[in-house]
Amino acid sequence: MPKATTTAEDLLKKHWGYKKFRPLQKEAVTDLTEGRDTLVLMPTGGGKSLCFQLPALLREGTALVISPLISLMKDQVDSLNDMGIPATRIDSSLTPAEYGEARNGLRKGNIKLLYLSPEKVLSPGFPEIAGEINISLIAIDEAHCVSMWGHDFRQEYRKLKSLRKMFPGVPMGAFTATATLQVREDISKQLSLKKHGEYIGSFDRPNLTYRVIRRNKLETQLDEVLNRHKKESGIIYCISRKDTEKWAVKLAARGIRVKAYHAGLPDEKRKKVQENFIRDKIQVVTATIAFGMGIDKSNIRFVVHTGMPKSLENYQQETGRGGRDGLPCECVLFHSGQDLMLWRRILDNPPADNPAEQKLRAMASYCSSVACRHRALLDYFHEPNNMKECGACDVCLGELPTEPEALIISQKIISCVARVQERFGGEYIAQILTGSKQQRILENGHDALSTWGILEEHPKTEVRNWTEQLISGGYLERRGEFNVLGITPTGRLVLRGEETPLLIKAKKQTIKATKLELESWDGIDEELYIKLKEVRRSLADQSGLPAFMVFSDASLRDMARKKPASRDAFLNIHGVGEKKWEKYGEAFLNLFLDY
Ligand code: ADP
Ligand code: ZN
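So, how was this worked out
- Residues numbered from 1 in each chain as written.
- Chains lettered and ligands numbered in written order.
- Predicted model: local features only at pLDDT ≥ 70, side-chain atom pairs only at ≥ 80, totals over all residues.
- Heavy atoms only, no water.
- Helix = DSSP H or I, 4+ residues; strand = E, 2+ residues; numbered from the N terminus.
- Expected span 1.5 Å × (residues − 1).
- Bend = angle between axes of the 7 residues up to and from the residue.
- Buried < 20%, exposed > 50% of the residue type's maximum accessible area, 1.4 Å probe, protein only.
- Core = buried A, V, L, I, M, F, W, Y, C linked by side-chain atoms within 4.5 Å.
- Contact = heavy atoms within 4.5 Å.
- Donors = N, O, S within 2.8 Å, 3.2 Å for Na, K, Ca; no water.
- Tetrahedral: all angles 85-135°; square planar, octahedral: opposite > 155°, others 65-115°.

### Quick look at helix α28 (residues 578-594)
Working step 1: Taking 1.5 Å per residue, 17 residues should reach 24 Å; α28 reaches 23 Å between its end C-alpha atoms and fits that length.
Working step 2: At Y584, α28 is deflected by roughly 65 degrees, the largest bend along its length.
Working step 3: For α28, the complete set of buried residues consists of K580, W581, Y584, G585, F588, L589, L591 and F592.

Encoded structure:
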């Protein structure tokens, strides 16, 4: 048991090897440690686990951690043990021997954290287990599962309320990455949380670089992304199962270690792909959205979407799997106008007021918009912010090929909308502007308009695209059942030349490095870094753990920068706690002494 004088900061350094708490961690840790309930909302990778793991060390007894995914429980227990924290789990996947061992450990009273599935907690055998331990706190992970308003409601989670009656004096913490106000209130109510702090972290992920690129020659485009991430882990999301298979074959032919993953594969096969990806035996997974739940791999360096996802919620969640270790991760979204139609077909053409259709539109508007991506995401999720230039998206990096004639082009498009009395849709407007002689145009006499053919030197798809950009920029809007285009008050300012929209050309963009990307390699001896990775690989194989669990990429880069040649220097590396030093220190030290 830690001495009364041991502080949270001491333990953070001793076990995790971190010098500072992330925002809101300290507050949540203090509440639980002092016996108060708490509700924590942080994005994936925000650092929620520490908020209950650390209080578990500071309080007497064993903490119960309820988590819905067995694979994640196993990873967390392995990772805690590797940090020198006694933890165990009880779930349906244990062998009788493992189960016996877990029970024995618990009886001895030195286990600090016990991970359980909700089914186990509610099973008839649970009171017996609970009777043998002194419960220090209860942590409910993925707490949004208690709410019917959430996207992942689970019946068993509702029943967790009974824990409150069983252990009335024990503090409870609820943790989730996805929760609207409604879900938040529901969590407090369903779990009967007592008067508690609510800690809501920012959902911005500054280390993710967002790029949105029009899809043309996808094969070449993917090549370019992969070339920027040689030997680094990444996920390529596809809309259809067929596409995941197709790209896996194509990329494998280029010598990339890649496998496809989708819900149509047998369970065994899926498990194997996931496991091999986590253990770096596979570099890239081409996947449908079925992939990712239950993956805690921290060193994912790129996430590609080969088509537009069906909502920004999906996009945020899928890209959120990248860069958990805080190092940069590139998120590239390739899209084309066809994606919207494809989704509508898949979703059976939802009517305009259907939430699925509204989400699709918000997603499409994000794709054609030329505003800061980080900001657009925060705005969509209603997070107040005053972000101007994030420095980590294609827009803010100035990568988009902007159209110098934007004002004139916009005026031509908007005045064409005015000429047809705001009674036609985007496709028709583009036809007029590019001088089409389609029957409908001739019948309406629109070939006689002054705006007919005034953009004929541009392809229709480009004009169509600019129109979309004017819509997402708020200069034009879709109205009524037939999506006719109307002019907004800001659109009128453009006609008067008082405001200039930003338009981008359908030209290839030049990729630039972000500040964080440059800094993350600053002062690093790359040759040494590769050697360090090899050492980590062999240590990982020896202990049967995934490499990123032995040391994160962030720790390795810190080592490659500081070349620690003594115990003290080594303990000063980001993410190196005492146990890690004991277990792995020597292997690295020898390398640095050689250097
Ligand atoms: P979440 O459960 O919120 O998705 P995790 O608890 O898995 O996030 O944490 C994500 C990563 O951030 C982990 O690798 C974790 O070790 C790291 N981390 C957590 N807290 C800190 C901290 N204070 N300083 C540095 N890294 C941290
Ligand atoms: Zn930006």
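The rest of the description comes next.
### Considerations on unusual backbone geometry
Working step 1: Phi is positive for L24, which is not a glycine, with a value near 75 degrees.
Working step 2: As for its placement among the helices and strands, L24 is situated in the loop between α1 (8-16) and α2 (25-33).
Working step 3: For L24, a relative accessible area of 22% gives the class partly exposed.
Working step 4: The backbone of K231 shows a phi angle near 65 degrees, a positive value even though the residue is not glycine.

### A short note on the nonpolar core
Working step 1: With 37 residues, the main nonpolar core has Y210, V285, F291, Y315, M363 and Y366 as its most contacted residues.
Working step 2: With four residues, helix α16 (residues 355-368) is the single largest residue contributor to this core.
Working step 3: If we ignore the near neighbours within four places in the chain, the residues touching Y366 are Y210, V212, L312, Y315, L333, R373, A376 and L377.
Working step 4: Listed in part, the 31 residues of the second largest apolar core include I140, C145, V146 and L160.

### Concerning the coordination of the zinc ion (ligand 2)
Working step 1: Of the protein atoms, only C372 (SG), C390 (SG), C393 (SG) and C396 (SG) coordinate the zinc ion (ligand 2), at distances of 2.2 to 2.4 Å.
Working step 2: Classification of the site at the zinc ion (ligand 2) as tetrahedral follows from its four donor atoms and the range of 104 to 120 degrees in their angles at the metal.
Working step 3: Each donor residue of the zinc ion (ligand 2) lies on the same chain, and together they follow the pattern C-x17-C-x2-C-x2-C. Placement of C372 in the loop between α16 and α17 (373-380) and of C390 in the loop between α17 and α18 (406-419) is noted, with a sequence separation of 18 residues between them.
Working step 4: With a relative accessible area of 7%, C372 lands in the buried category.

It is worth stressing that arrangement in space is one thing and function is another; only the former is reported here.
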